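# Inside the fold
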Amino acid sequence: MAESLSPTDRRYVEIYNLVKAYPNPYGEAVRVVDGFNLVLQKGEVVSVIGHSGCGKSTVLTMLAGLNEISGGNIAVAGREIAGPGPDRAVVFQSPCLLPWMTSLENVLLGVDRVYQHGTKRQRREIAEHYLAAVGLSDSFHKFPREMSGGMQQRVGIARAIALKPRVLLLDEPFGRLDSLTRMDLQDVILRILDRERITTMIITHDVDEAIYMSDRVCMMTSGPNARVGQVLDLPFERPRNRAAVLEHPMYYDLRGALVSFLEEQDHGGAKPKDPDTSNWDDTMHMVEAMSATHHEFPAYTLAEPTEAENQLIGSGA
Amino acid sequence: MPLAVAGMEVAGRSLVRSIAVYRRDESGQRLVAHCCGEGIFHLGEGAVGRAGAEGTPTIEREGDIATVAVPSMQGEVCRGVTTFRCDTGGDFRGACEVWRRNERGELGLAENLYAGLDRLEQITKYVKFPRRAGLPGRVWDDRFPRVLGALQDSKHFIRVAAARTEQLTSAVGIPFMGRPPELDAVLLLLNTKQTPIAKAMEVWARDLTTNQLRIVSADYGPYTALASVSRRLSLRHGEGLAGRVFRDSAPYATHDLLGKEFPRGDCFAEYGFEQGVGLPVFIGADLVASVNLYL
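Residues numbered from 1 in each chain as written. Chains lettered and ligands numbered in written order. Predicted model: local features only at pLDDT ≥ 70, side-chain atom pairs only at ≥ 80, totals over all residues. Heavy atoms only, no water.

In the nomenclature of an unreviewed UniProt entry, chain B corresponds to GAF domain-containing protein from the organism Botrimarina colliarenosi.

To keep it simple, the criterion reads: UniProt positions are given in the numbering used here, feature names are shortened, and annotations may be inferred rather than shown by experiment.
If you look chain A up in an unreviewed UniProt entry, it shows as Bicarbonate transport ATP-binding protein CmpD from Botrimarina colliarenosi. In its Subcellular location (unreviewed entry) section, the UniProt record describing chain A reads: "Cell membrane".

### Regarding the domain arrangement of chain B
Residue and element names in this part refer to chain B. Note the cut-off: Domain start and stop points were drawn from an automatic or database domain assignment. We call two residues contacting when some pair of their heavy atoms lies within 4.5 Å. Two parts placed together each lose some accessible area under a 1.4 Å probe, and adding up what both lose gives the buried area. Think of a salt bridge as a Lys or Arg side-chain nitrogen and an Asp or Glu carboxyl oxygen that are within 4 Å of each other. Polar contact criterion, stated in full: a pair of N or O atoms within 3.5 Å, where within protein one must be able to donate a hydrogen and the other to accept it, and residues adjacent in sequence count only if both atoms are side-chain atoms.
Taken domain by domain, chain B holds domain 1 (1-90) and domain 2 (91-294). On a C-alpha basis, the centroid separation for the pair domain 1 and domain 2 is 17 Å. On the domain 2 side, the residues contacting the 40 residues of domain 1 number 40 residues. Across the domain 1 to domain 2 interface the summed buried area is about 3,200 Å²; carbon plus sulfur atoms make up 62%. Summed over the shared surface of domain 1 and domain 2, the result is two salt bridges. Close ionic contact of R13 with D91 constitutes a salt bridge, the shortest N to O distance being 3.2 Å. Our count for the domain 1 to domain 2 interface comes out at 15 residue pairs in polar contact (both at pLDDT 80 or more).

### Things to note about the side chain of B:E166
Residues and elements named next belong to chain B. Defined as follows: In DSSP terms, a helix is any run of H or I states spanning at least four residues, a strand is any run of E spanning at least two, and both are numbered starting from the N terminus.
Topologically, E166 is positioned in the loop between α4 (160-165) and β12 (168-177). Only 3.4 Å separates the side chain of E166 from the backbone nitrogen of D118, close enough to count as a polar contact. Ignoring sequence-local partners within four residues, the contact set of E166 consists of R93, G116, L117, D118, R119, L120 and T192.

### Quick look at the sheet that holds strand β2 (residues 29-40) of chain A
All names here are of chain A. The cut-off we apply is this: A pair of strands is treated as paired once DSSP finds two or more bridges between them. Think of each axis as a best-fit line through the C-alpha atoms, taken over the contacting stretch in the case of a helix, with angles from 0 to 180 degrees between the N-to-C directions.
Strand order in the open sheet made by the four strands is β2-β1-β4-β5, with antiparallel pairing throughout. A single partner strand is all that each edge strand has here, and the edge strands are β2 and β5 (79-80). Pairing of strand β1 (residues 13-23) with strand β4 (residues 71-76) involves five bridges; the strand directions are antiparallel. Paired with I15 across the strands is I74, a residue of β4. Across the sheet, helix α2 (residues 56-64) touches β1, β2 and β4, and the angle it forms with β1 is around 115°.

### Describing the sheet that holds strand β3 (residues 45-49) of chain A
Strand pairing in a sheet is mediated by backbone hydrogen bonds. Such pairs are either parallel or antiparallel. Spatial ordering of the open sheet is given by β6(A)-β7(A)-β8(A)-β3(A)-β9(A)-β10(A)-β10(B)-β9(B)-β8(B)-β13(B)-β12(B)-β11(B), a layout of 12 strands whose pairing is mixed. Either end of the sheet is taken by a strand with one partner, and the two such strands are β6 (88-91) of chain A together with β11 (146-148) of chain B. When the angles between neighbouring strand axes are averaged without regard to direction, this sheet yields 20°. Across five bridges, the pairing between strand β7 (residues 167-171) of chain A and strand β8 (residues 199-204) of chain A is parallel. Residue pairing for β8(A): A:L169 is matched across the bridge by A:M201. Where α2(A) meets the sheet, its contacts fall on β3, β6, β7, β8 and β9 (216-220) of chain A, and the angle it forms with β8(A) comes to roughly 150°. Along the sheet, helix α5 (residues 149-161) of chain A contacts β6 and β7 of chain A; its crossing angle with β6(A), the most-contacted strand, is approximately 175°.

### Quick word on the packing of helix α3 (residues 103-114) of chain A against α5(A)
All names here are of chain A. For the record, the criterion: Put simply, angles under 35 degrees are roughly parallel, angles over 145 are roughly antiparallel, angles from 65 to 115 are roughly perpendicular, and the rest are oblique. Handedness of a crossing is defined here by the sense of rotation of the near helix relative to the far one, left-handed for an anticlockwise turn of less than a right angle and right-handed for a clockwise turn. In this classification, Asp, Glu, Lys and Arg are treated as charged, Ala, Val, Leu, Ile, Met, Phe, Trp, Tyr, Cys and Pro as nonpolar, and every other residue, Gly included, as polar.
In the contact formed by α3 and α5, the axes pass within 8 Å of each other and the chain directions differ by 25°. Judged by the inter-axis angle, α3 sits roughly parallel to α5. Handedness of the α3/α5 crossing: right-handed. Along the contact surface, α3 presents S103, N106 and V107, while α5 presents V155, A158 and R159. Classifying every residue of the contact of α3 with α5 by side-chain character gives three nonpolar, two polar and one charged.

As structure tokens, then:
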């Protein structure tokens, strides 16, 4: 129940002013991600969309602890992260299964490490349970070479979720799959998330996928200096029903908002400034100047209205 | 008790019917009509008094008329309240949005006035802006007001699809601080081509090198001659609308732009601008800017 959650629970994953900078060939730091702010509540599914190269996966790998943070910080359940941990499981686009192990052995690899206190039988039951949850009950003993790409990705999902992570990170998990398999796997993950209530971040290019799977969609601006452009709350109920989502009266408006955002980012936003333009904005210079200089303001006195000003009182009333 | 008393009538096609400025009197407990408007409001009384007591912008409705009450808070002290009485019926189009921080620390829509902008209204309910995101998020991050022109092409205005559909032209975002450095709210005034809230909008601030006031952010729409005459303009305390706002640390309104806005008065008159209102923007006790709206 939301009411019984502490403020820390409500702000389960906190990404504050996150920066990732890489040196360019001249040794200058280029900020790929610059000031990314996002909060995920417990059990929430948030998609991050944006153009290729904008830094979506960079944010995810920093949250996973696999990529060093250049600035800002990330906290999960109130604790700042310091490197990878079993509390955050990642599913990448390619499942990267160990080819000499069966699907069950691939899943057991992580389960054996995380559930060290359990018996061998218990650990096996956990691995089998999650393989069954992704629809692979009859493929426990298949090797990766004997499975399709979709089946391999199912093993990858089972491997991640079997660890009972606090946070599930999906990095374009369906990017290499055909559309039917993709829809099937979307439903597989949604069923698991509905049951397990794992806080989840999904990186995707696919607007429809983002809308169907998430509670919120975080739109990233194009890089460099990418950050959150806008967050869209989605009004669809859980468990999700694809037909109900598509028929929702707001579906096309929300989709349009996402698509137009991506189009704007693709076009680079503002047109080149006309020197004769009737609008301009030097605000940033002023804000920087004010930040750099402490200015003593004089004490103000409230001036009485002049006679001419008083004449206006009541005018037009 | 009416929401607020009609003040300076706005001529021409504007979402705003009238503007009124109230300033704190010597008792500190009442807001008194200043250069336009009528009456006296105790803090907490009516839309004017409530905005002054709560220190945050409020929007109240009475039929097709909505009153946007904008307080000017110098720290805990209300220096004045400016009201905009807006017509939301008929073919009037425009929007006022009050964005406040939610439990995630993002800005969500808290209060709104939409006139004839159904698509923008529908989509905005679902939109949230983290710090630095969109116009509200940038105003929050800067703790400084900002005018955005050409909304239909601006990369800084994220709801660009709605801006195109609704023919939004320009917007101004104004921060309202709670206890510094915490932001309480961002007020967005969104202009349409048909019935703008203001025909021109400016943000004035003190140039720290010359100690004079300069425009740092502005939009004049089709009134390009105003842009060129304004760009290099600087004012001293007490000069023009912005100078009077800085002199008094309080909002100021006039329908004598010709007399008050030297050397731009002729230009304002030529374009048919009749009223101007200046809203002081405080960060804590510091007056950092004046947002000037010309109607």
